[in-house]
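# Chains, contacts and geometry: an overview
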Amino acid sequence: AQSVAQPEDQVNVAEGNPLTVKCTYSVSGNPYLFWYVQYPNRGLQFLLKYITGDNLVKGSYGFEAEFNKSQTSFHLKKPSALVSDSALYFCAVSPGAYGGATNKLIFGTGTLLAVQP
Amino acid sequence: DTEVTQTPKHLVMGMTNKKSLKCEQHMGHRAMYWYKQKAKKPPELMFVYSYEKLSINESVPSRFSPECPNSSLLNLHLHALQPEDSALYLCASSLTGPGGANVLTFGAGSRLTVL
C-alpha cells in the first residue's frame with residue numbers, strides 16, 4: 001500500500017535556528033513528492049515539489065527539501081526559522097506519472113511547527 | 001488571478017437544512033476537488049471533477065452532492081447532514097489531474113457547523 005509518514009506530531013525550534021520536518025514515503029515506482037503548509041484558518045499552500053533531477057529542491061519562503069531515494073525520505077528544511085513559519089506542514093506523494101483517475105495525492109498526517117521567539 | 005475563492009467562509013446549519021458551498025477559480029484549471037478536513041488532520045479527498053466530469057467519488061455519503069456547472073465553478077450541495085460532518089471543507093484546483101506532478105491550489109475553506 002502507498003503511504004506517507006510524518007513521524008513527529010510537533011517540532012519546536014527557536015527563532016534563528018535551523019529546522020527540519022521529517023517525511024518518509026512508501027510508494028512503488030518513482031513518485032512525485034510535495035510539501036504544503038497550512039496557516040491557521042487557511043487552506044493549504046504549496047511550498048515545493050520533487051519530480052526528478054537534483055535531489056535538493058528549493059521552494060517558497062526560503063524552504064528546501066532533500067530527496068533521498070535510498071532512505072525513501074523527503075525532509076523539509078530551512079536554515080533559519082522565523083516565528084511566522086509556525087504552521088501545520090503536510091508532506092504528500094503522488095504515485096508517478098501514470099495512474100489515471102486513481103492517481104491521487106496522498107497526504108501525511110501533518111507536523112505542527114512551533115517557532116519560539 | 002491565482003486564487004480559489006470559496007463561499008461562504010462560515011456556515012451553521014441544522015440537520016434538516018439544505019445548503020450549498022461554492023467554489024470558483026479563473027486560472028484555467030481543468031480539475032477541481034472537494035476535501036474535508038478535521039482540526040489538525042490531513043485533508044480527506046471527497047470528490048474530483050476532471051474536465052467537468054466526476055472522476056473520483058471517495059464513497060462519500062449521498063447527503064453530500066457535488067456539482068460542476070462549468071470549468072470555473074464547483075458546488076457542494078448539503079442535505080440532512082449529521083453533527084459529525086462539521087469540518088473545514090476545502091476546494092482545490094489543478095491545471096490537469098488528478099495526480100502526477102500537478103500542484104493543487106487551495107481555497108481558504110468553508111467552516112461548516114452542523115447543529
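Look above for the structure.
A brief report on the enclosed structure follows. (Residues numbered from 1 in each chain as written. Chains lettered and ligands numbered in written order. Predicted model: local features only at pLDDT ≥ 70, side-chain atom pairs only at ≥ 80, totals over all residues. Heavy atoms only, no water.)

### Quick word on the overall build of chain B
Formally: Strands are runs of DSSP state E lasting at least 2 residues, helices are runs of H or I lasting at least 4, and numbering of each runs from the N terminus. Here the globule rule is a power law, 2.2 Å times the number of residues to the power 0.38, and the radius of gyration is based on C-alpha atoms.
Across its full length, chain B carries zero helices and eleven strands. Along its sequence from the N terminus, chain B presents helices and strands in the succession β-β-β-β-β-β-β-β-β-β-β. Its C-alpha atoms give chain B a radius of gyration of 13 Å, near enough to 13 Å, the size a compact globule of 115 residues would have. Viewed in the frame of its principal axes, chain B has a C-alpha envelope of about 40 × 25 × 25 Å.

### Here's the deal with the state of the cysteines
Quick reminder of the rule: Only a pair of cysteine sulfur atoms within 2.5 Å counts as a disulfide in this structure description. Exposure is judged per residue with a 1.4 Å probe applied to protein chains only, and the accessible area is read against the type maximum: over 50% gives exposed, under 20% gives buried, and values in between give partly exposed.
Per the counting criterion, the structure on display carries two disulfides over all chains. Two residues share a disulfide in this structure: A:Cys23 and A:Cys91, whose sulfurs sit 2.0 Å from each other. What sets the handedness of the A:Cys23 and A:Cys91 disulfide is the S-S torsion sign, and at about -65° it is left-handed. Of this pair, A:Cys23 sits in the loop between β3 (19-21) and β4 (24-26) while A:Cys91 is found in strand β10 (residues 87-94), placing the two residues 68 residues apart along the sequence. Residue A:Cys91 is classed as buried on the basis of its relative accessible area of 0%. Its sulfur unpaired, B:Cys68 is 9.3 Å from the next cysteine sulfur, which belongs to B:Cys91.

### Structural notes on the nonpolar core
We apply this condition: By nonpolar core we mean a set of buried residues, namely Ala, Val, Leu, Ile, Met, Phe, Trp, Tyr and Cys, connected to one another through side-chain atoms within 4.5 Å. Contacts between residues were defined by any pair of non-hydrogen atoms, one from each residue, lying within 4.5 Å.
A:Trp35, A:Leu47, A:Leu48, A:Phe74, A:Leu76 and A:Tyr89 are the most contacted members of the largest nonpolar core, which totals 28 residues. Within the residue set of this core, elements represented by two or more residues are β2 (10-14), β3, β5 (32-38), β6 (44-50), β8 (64-68), β9 (73-78), β10 and β12 (111-116) of chain A. At four residues, β10(A) tops the list of elements feeding residues into this core. If sequence neighbours within four positions are ignored, A:Leu48 has contacts with A:Leu33, A:Phe34, A:Trp35, A:Val57, A:Lys58, A:Gly59, A:Phe63, A:Glu64, A:Ala65, A:Phe74 and A:Leu76. Within the second largest apolar cluster, 22 residues are counted, among which are B:Val4, B:Val60, B:Leu78 and B:Leu81.

### A few points about the sheet that holds strand β3 (residues 18-25) of chain B
Residue and element names in this part refer to chain B. Selection criterion: Only strands joined by at least two bridges in the DSSP assignment are considered to pair. Throughout, an axis means a line fitted to C-alpha atoms (over the contacting stretch in the case of helices), and angles, computed between N-to-C directions, take values from 0 to 180 degrees.
The strand order across the open sheet built from four strands is β1-β3-β8-β7, with neighbouring strands paired in antiparallel fashion. At either end of the open sheet lies a strand with only one pairing partner, and these are β1 (4-7) and β7 (64-70). Looking at each pair of strands side by side, their axes are set apart by 20° on average, direction ignored. Here β7 pairs with strand β8 (residues 73-79) via five bridges, running antiparallel. Residue pairing for β8: Pro66 is matched across the bridge by Leu76.

### Brief notes about the pairing of β3(B)
Where β1(B) lies against β3(B), four bridges are found, and the strand directions are antiparallel. Note on β3(B): the bridge partner recorded for B:Gln6 is B:Cys23.

### What to know about the interface of chain A and chain B
Put simply, the rule is: We define buried area as the total accessible area lost by two parts upon association, computed with a 1.4 Å probe and summed across both. By definition, a salt bridge exists where a carboxyl oxygen of Asp or Glu is found within 4 Å of a side-chain nitrogen of Lys or Arg.
If you look at the interface, chain A gives 24 residues, while chain B gives 23 residues. Both sides together, the interface formed by chain A and chain B hides about 1,700 Å², and carbon and sulfur atoms give 61% of it. At the boundary of chain A with chain B, the tally comes to one salt bridge. Where A:Lys104 meets B:Glu58, a salt bridge forms, and the shortest distance between an N and an O atom there is 2.8 Å.

### Here we look at the pattern of salt bridges
All names here are of chain A. Counting across every chain of the model gives six salt bridges over all chains. Of the charged contacts, one joins Lys58 and Glu64 as a salt bridge, the two residues approaching to 2.9 Å between their closest N and O atoms. Under the relative-accessibility criterion, Lys58 is labelled exposed at 62%. Residue Lys77 pairs with Glu66 through a salt bridge whose shortest N-O separation is 3.5 Å. Of this pair, Lys77 sits in strand β9 while Glu66 sits in strand β8, and the two are eleven residues apart along the sequence. Its relative accessible area of 29% is what places Lys77 among the partly exposed residues.

### Regarding the environment of A:Leu105
With respect to the helices, strands and loops of the structure, A:Leu105 is situated in the loop between β10 and β11 (106-107). Given the relative accessible area of 16%, A:Leu105 is considered buried. Along the sequence, A:Leu105 and A:Ala5 sit 100 residues apart, while their C-alpha atoms lie 14 Å from each other. Excluding its chain neighbours within four sequence positions, the residues that come into contact with A:Leu105 are A:Phe34, A:Tyr36, A:Ala92, A:Val93, A:Ser94, B:Tyr35 and B:Leu104.

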